[in-house]
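Take a look at the letters that make up each chain.
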Amino acid sequence: KIVGDNPLKQVFPCLMLLVLFSPVGIDIYLPAIPRMQAVFSVTAAQIQLSLSLFVAAMGVSQIIVGPLADKYGRRPVAITGISLYLCCSLVIALSQTFSVLLIFRMLQGVGAGCTAIVAFTVVRDRFPPREAATLYSYLNGTLSLVPALAPLMGGLLMNWLGWRSNFYFLALFSTVVLWVVIRGLPESRPPESRPPESRPAETQSYQFFSWHRYRTILTDRRFAPYALSAMGAMSVVLSYAFFAPQVLMVELGVSSKQFALLFGLNALAIMAVSFAAPRVINRIGRRACVGLGSLLMLLSGVLMLLFFVFAEPSIIGYMLPVALACCGFALLLGPAASLALEPFGDRAGTASALQGCVQMLGGAITSMLASLIPYGPIVALSILMTGFGLYGLALRYFDRDRQKVL
């Protein structure tokens, strides 16, 4: 059942495009990372910073973007974010120094934060909780389509036109989506999310951005546990994306085309599970789905550690546990986000912003900390899989009565 006047076929294609800005901004230039490292004469850790800062900026920006979406509407925020993303893509494509690239990658992350917030907030605006969880899973399936195609496209563009062509492509993509959103995305902001007109303007602004508004969400016993579960799943996938070029292309010696193929096959597995997730949710419920996804992540962490200890480094020993963990991610993320946001219909933009910030910023920080583990990226990734898998299972145990969360 749809809440609102606009049919799903009108709104959802725009939302599918809006969620793509983050993954395409990360995945399209993964095959070009060794080339960019040589061009700018930087280390692997420095070039990885361009990924981490993008994700971190995307997470931080959502704290501001969410309240703006509640105050000014979803459409203006989406259009502003796409325009910023477009401009930053052009500047990065023309950049001659690594510092310029990093600065505008952060700003590009802000633009991606705007589009992500609008996509998930519109779902919360227009659909009841159970249907929202299903649509979150479909959006996650759409997210998985990019890692299946973007590295392959990025590798081809790099070989034909150089690494800068990846960012020219992002500018072109932004232009197309901007046109689609202007024409096809209706405003969905509910009246109750708007500040009362009777207050003076300065009072509205102060109340709107007050810490109290965020604190009431953070302290809600239904929000924090599931937001942290989603953050854990995201940190696993981000760490895989950050570490994959080093593990596969440098340590295991695969080519850029082989890397794109492996990355794409894993993404197709995520996409298949994401589109199957709504049936799983309908059959076993959202909370059980979080537990199942967490169990898969735990098993993948143990399996990766066993491969590392008892076998020679290999593509199978790395990609098989990764695929299992990513399937757990696909099952977990939609229900966890839905459960975290369910109580906040009157503050959907602010709650989505906080959940997105916890998920993306927390995932980026966790991934950067994981890179400091002295035993290498494979052990670091297995620790994340195991730890957050155990957390999700514990959350499922303490929430089994469907009322008390930790």
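That block above? That's the structure.
The structure contained in this document is the topic of the report that follows. A quick note: this is a predicted structure, and the numbers were derived from the prediction, not measured.

What follows deals with the overall build of the chain. Counting its regular elements, the chain contains 16 helices and zero strands. Relative to its 406 residues, the chain shows a buried fraction of 58%. Excluding contacts between residues fewer than 6 apart, the proportion of contacts in the chain whose partners are at least 24 apart in sequence is 85%. Carbon and sulfur atoms form 68% of the exposed surface of the chain, whose accessible area is close to 16500 Å².

A separate point is the packing of aromatic side chains. For the coordinates displayed, the defined rule picks out seven aromatic pairs. Plain terms: the ring middles of Y29 and F167 are 5.4 Å apart, the flat faces sit at 50 degrees to each other, and that makes the pair tilted. Within this pair, whereas Y29 is found in the loop between α2 (21-27) and α3 (33-40), its partner F167 is found in helix α8 (residues 165-184), the two being separated by 138 residues in sequence. The pair formed by Y29 and F167 is uniform in burial state, with each residue classed as buried. Each residue in the set Y29, F40, F98, W163 and F167 is aromatic and connected to the rest through ring pairs, giving one cluster.

Generally speaking, a soluble globular protein has its nonpolar side chains buried in company with each other. If you look at the biggest cluster of nonpolar residues, it comprises 119 residues, and the most contacted ones within it are L15, L18, Y240, Y318 and L381. Looking at which element gives the most residues to this core, the answer is helix α11 (residues 224-251), with 17 residues. Excluding anything up to four places from it in sequence, Y318 contacts Y240, F243, A244, V247, L248, M304, I378 and L381.

Now for a nonpolar patch on the surface. A contiguous nonpolar patch, built from V302, L305, L306, F308, V309 and F310 and spanning about 590 Å² of accessible area, is present on the exposed surface. Within the secondary structure layout, L305 lies in helix α13 (residues 286-310).

Analysis parameters
Residues numbered from 1 in each chain as written. Predicted model: local features only at pLDDT ≥ 70, side-chain atom pairs only at ≥ 80, totals over all residues. Heavy atoms only, no water. Helix = DSSP H or I, 4+ residues; strand = E, 2+ residues; numbered from the N terminus. Buried < 20%, exposed > 50% of the residue type's maximum accessible area, 1.4 Å probe, protein only. Contact = heavy atoms within 4.5 Å. Areas by Shrake-Rupley, 256 points an atom, 1.4 Å probe, with all protein chains shown as cover. Phe/Tyr/Trp six-rings, centres within 6.5 Å; stacked < 30°, edge-to-face > 60°. Core = buried A, V, L, I, M, F, W, Y, C linked by side-chain atoms within 4.5 Å. Patch = residues over 30% accessible without salt bridge, like charges linked within 9 Å, V, L, I, M, F, W, Y side chains within 5 Å. Salt bridge = Lys/Arg side-chain N within 4 Å of Asp/Glu carboxyl O.

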